[in-house]
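Structural features, examined
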Amino acid sequence: MEKLRDNNTIAFKELGFDKEDKTEITKALNEALCSYQIFFHKLQKFHWNVKGGDFFDIHEITEELYTKGLENIDEIAERIRVFGDYPKSNLSQYLANSIISESSEKESPEEMIHIVLGDLEKMMECFLNIHGAAVSSGDIGTSYMISKMMKDFETDHWKLKSFAYKS
Ligand SMILES: [Fe+2]
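Everything in this summary refers to the structure shown in the same document. All figures in this text were calculated on a predicted structure; none of them were measured in a lab.

Quick notes on the pattern of salt bridges
What the rule picks out here adds up to six salt bridges. The partner of Lys-68 in a salt bridge is Asp-156, with the nearest N and O atoms 2.6 Å apart. Highlighted residues: Lys-68 in helix α2 (residues 55-82) and Asp-156 in helix α5 (residues 140-164), separated in sequence by 88 residues. Both residues of the pair, Lys-68 and Asp-156, count as buried. Salt bridges sharing partners connect three or more residues here, namely Lys-68, Asp-152 and Asp-156.

Some points on the packing of aromatic side chains
Enumeration according to the criterion identifies five aromatic pairs in this entry. Centre to centre, the rings of Tyr-36 and Phe-153 are 5.8 Å apart; their planes meet at 85°, and the pair counts as edge-to-face. Of this pair, Tyr-36 sits in helix α1 (residues 19-49) while Phe-153 sits in helix α5, and the two are 117 residues apart along the sequence. Residue Tyr-36 is classed as buried on the basis of its relative accessible area, which comes to 1%. Here the aromatic rings of Phe-127 and Phe-153 are separated by 5.0 Å at their centres, their planes lie at 75°, and the arrangement is edge-to-face. With a gap of 26 residues between them, Phe-127 in helix α4 (residues 109-136) and Phe-153 in helix α5 connect regions that are remote in the sequence. Both residues of the pair, Phe-127 and Phe-153, belong to the buried class. Members of the aromatic cluster, each reached through a chain of ring pairs, are Tyr-36, Phe-39, Phe-127 and Phe-153. Here the basic side chain of Arg-81 rests over the ring of Tyr-86, its NZ or CZ set 4.2 Å away from the ring centre.

Some words on the nonpolar core
Leu-29, Tyr-36, Phe-39, Ile-76, Val-116, Phe-127 and Phe-153 are the most contacted members of the largest nonpolar core, which totals 41 residues. Every element with two or more residues in this core is listed here: α1, α2, α4 and α5. The leading source of residues in this core is α1, at 12 residues.

Quick look at the side chain of Asp-119
Within the secondary structure, Asp-119 sits in helix α4. Given the relative accessible area of 3%, Asp-119 is considered buried. There is a polar contact of 2.7 Å between the side chain of Asp-119 and the side chain of Lys-42. Setting aside anything within four residues of it in sequence, one finds Asp-119 in contact with Phe-39, Lys-42 and Ile-100.

Focus on α2
Along its 28 residues, α2 runs 41 Å from first to last C-alpha, staying within 8% of the 40 Å computed at 1.5 Å per residue. Following α2 by one or two positions, Gly-84 adopts a phi angle in the positive range, close to 90°.

Calculation notes
- Residues numbered from 1 in each chain as written.
- Predicted model: local features only at pLDDT ≥ 70, side-chain atom pairs only at ≥ 80, totals over all residues.
- Heavy atoms only, no water.
- Salt bridge = Lys/Arg side-chain N within 4 Å of Asp/Glu carboxyl O.
- Helix = DSSP H or I, 4+ residues; strand = E, 2+ residues; numbered from the N terminus.
- Buried < 20%, exposed > 50% of the residue type's maximum accessible area, 1.4 Å probe, protein only.
- Phe/Tyr/Trp six-rings, centres within 6.5 Å; stacked < 30°, edge-to-face > 60°.
- Lys NZ or Arg CZ within 6 Å of the ring centre and 35° of its normal.
- Core = buried A, V, L, I, M, F, W, Y, C linked by side-chain atoms within 4.5 Å.
- Polar contact = N/O pair within 3.5 Å; in protein donor to acceptor, adjacent residues only side chain to side chain.
- Contact = heavy atoms within 4.5 Å.
- Expected span 1.5 Å × (residues − 1).

Structure representation (structure tokens):
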């Protein structure tokens, strides 16, 4: 945020949303972070365990999604630190605060694709919550960060849906 100094030059000021707004933003960011961690591990599980005719497709798309996930998770966590708050970082916290659940033991390739589609939708719900909190506080930085992720997820969702309903 910027503020005019006495001599009319611009002075830098740390992100200065009021405490209530800040808490709303970092709470939404932490929920997305926890959900993304569960999603990340599920993607790895599917990457490792998929079998059958769609092996290479599912093996590759899950790797693409979890590799991107590593970067996004880091960006979300560091955004929480920008506000002076702390990202949740224990496995028990991820499970307790995620809106995405862990998978059962053995899914078919078709089930894997539909689970990933549903999880992408849940992640986009998290992004919408973050965006809503950021916009109502004039937080352009968070809004920009999450808009990029949203657009990317929408493309992934379209591709995966086209793959799921190929026949
Ligand atoms: Fe691999």
